[in-house]
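# Overview (structure and organization)
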Amino acid sequence: MPAVTVEDLTVLHRVKVPGLGDRVRPVRQVIDAPSGFEGEGFPVRRAFAGVDLRDLDPFVHMDQMGEVDYAPGEPKGTSWHPHRGFETVTYIIDGIFDHQDSNGGGGTITNGDTQWMTAGSGLLHIEAPPESLVMSGGLFHGIQLWVNLPRDAKWNAPRYQDIRAGQVGLAASSDAGALVRVIAGEVDGVAGPGSTYTPMAMVHATVAPGAQLELPWDASYNALVYVLGGRGTLGIDGTPVRTGNLAVLGTGDFVSVAADGSQDTRTPALDVLVIGGQPINEPIAWAGPFVMNTRSEVVEAFEDFQKGRLGTIPAVHGAPTHLQEADTGRA
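The residue numbering used here restarts from 1 in each chain and proceeds along that chain's sequence as written. Residue-level local features of this predicted model are given only where pLDDT is at least 70; pairs of side-chain atoms are given and counted only at 80 or more, and the full residue set underlies all totals for whole chains, interfaces and linings. Excluding hydrogens and water, the side-chain values take into account all heavy atoms of the structure.

### Looking at the sheet that holds strand β19 (residues 224-229)
As summarised here, the arrangement of the seven strands in space is β1-β22-β19-β24-β17-β14-β13, forming an open sheet in which the pairing is antiparallel. The open sheet has two edge strands, β1 (27-32) and β13 (169-172), and neither has a second partner. Neighbour-to-neighbour, the strand axes of the sheet open up by a mean angle of 20°, direction not taken into account. Strand pairing follows a simple DSSP-based rule, namely that at least 2 bridges must link the two strands. Elements are defined by DSSP. Helices are runs of H or I of four residues or more, strands are runs of E of two residues or more, and each kind is numbered from the N terminus. Where β1 and strand β22 (residues 245-249) come together, five bridges link them in antiparallel fashion. In the sheet register, I31 faces β22, and the bridge partner there is L246. Angular values range over 0 to 180 degrees, each being the angle between N-to-C directions of two axes fitted as lines to C-alpha atoms, with helices fitted over their stretch in contact.

In structure tokens:
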């Protein structure tokens, strides 16, 4: 995985280990994310399938995009589609993706970069591989996370954050066997660059074979661990997990992740995404690309989209010009 790497982890800040009175979070549920297709046909794993929305709050949806090694001509993206009421966080681990939205945000992200788009009151956007990747093919792997917005922020103006790989906060486990990349929030004094409406943290950690990561975690946050690749165990009871598993953790002060001593050649280490935040604790009315508080607000969003009130498509050379049906778009 070419997302940010550090040759010598011993030079990084070492996160603290559990002390007297600290609690390691237990594993409450493990699901195996089912596979599907998104947009114009790129493969995804539905990371949150089968998990109660109350356990996910403030998150509502997450896809692991790939990992797929495209042949020439195969790379795919999405067509233009609307969003309202939440934020999309697109984190690219391998490969390259272009983004454009009707609010003027967008750009190209690649290995370790993140696009943080606040849909807020509503916009249209498109995500697609650049023409060069379509022509050449190649490895593509990333995550898209949907972060809910509280009621008082759902109607905020759209905004866009372009987070480059070199901006993420970096730390190491106490034994320097794990690299911790902080994309948003703060972990043991190490801050990530992502600016969020709801207090939350997002971490990508790589744990070497046989190593263990004790990750300090805000006790007021929930905690979800998704296995991007590899095998290992979670929690004080050593619950086994593998590629494509999502674990819902209970309360506590630390997230404990250990990598198996033997990994396969395709995934030489254990890579996990750890996310959590303060629950919003508000009603959710969710249909397709709109995440609101009431059914009437969702109906209003569909009507606004159909009447062209969520923005106009900018003139972008080579971009698709048709709109994706609102009740099918999720990316």
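Now that the structure is up, let's keep going.
### Things to note about the pattern of salt bridges
Side chains bearing opposite charge may pair, as long as their charged atoms lie close to each other. Put simply, a salt bridge is a Lys or Arg side-chain nitrogen that is within 4 Å of an Asp or Glu carboxyl oxygen. In total, this model carries eleven salt bridges according to the counting rule given. A salt bridge links R23 to D253; its shortest N-O distance comes to 3.9 Å. Highlighted residues: R23 in the segment before β1 and D253 in the loop between β22 and β23 (254-259), separated in sequence by 230 residues.

### Here we look at the environment of E67
Relative to the elements of secondary structure, E67 occurs in strand β4 (residues 59-70). The buried label goes to any residue with under 20% of its type's maximum accessible area, the exposed label to any with over 50%, and the partly exposed label to all in between, with areas taken from a 1.4 Å probe on protein chains only. Judged by relative accessible area, which is 31%, E67 ranks as partly exposed. C-alpha of E67 to C-alpha of L228: the two residues are 161 residues apart in sequence and 8.9 Å apart in space. In what follows, a contact means two residues having at least one pair of non-hydrogen atoms within 4.5 Å. Apart from residues lying up to four places away in sequence, E67 is in contact with L139, F140, H141 and R266.

### Some details on helix α3 (residues 295-306)
Taking 1.5 Å per residue as the helical rise, α3 with its twelve residues ought to reach 16 Å, and the 17 Å between its terminal C-alpha atoms agrees with that figure. Where α3 is concerned, the buried positions are E297, V298, A301, F302, D304 and F305. Take α3 and look down its axis: the buried residues cluster within an arc of 165°, on one side only. Turned more than 90 degrees away from the buried face of α3 sit R295, S296 and Q306, all of them exposed. For α3, the secondary structure elements touched by its buried residues are β5 (81-83), β10 (123-128), β25 (285-287) and β26 (290-292). Looking one or two residues beyond α3, the residue adopting positive phi is G308, at roughly 75°. Expected helix span is computed as 1.5 Å times (number of residues minus one). The directions from the helix axis to the C-beta atoms form the arc being described.

### Comments concerning the nonpolar core
To form a nonpolar core, buried Ala, Val, Leu, Ile, Met, Phe, Trp, Tyr and Cys residues must be joined to one another through side-chain atoms within 4.5 Å. Of all hydrophobic cores here, the largest spans 31 residues; its most connected members are F48, M62, L145, M202, Y226 and I275. Excluding anything up to four places from it in sequence, F48 contacts L56, F59, V60, H61, M62, L145, L224, L246 and I275. Listed in part, the 29 residues of the second largest apolar core include A171, V180, V182 and L249.

Scope: geometric values only; no functional claims are made or implied.
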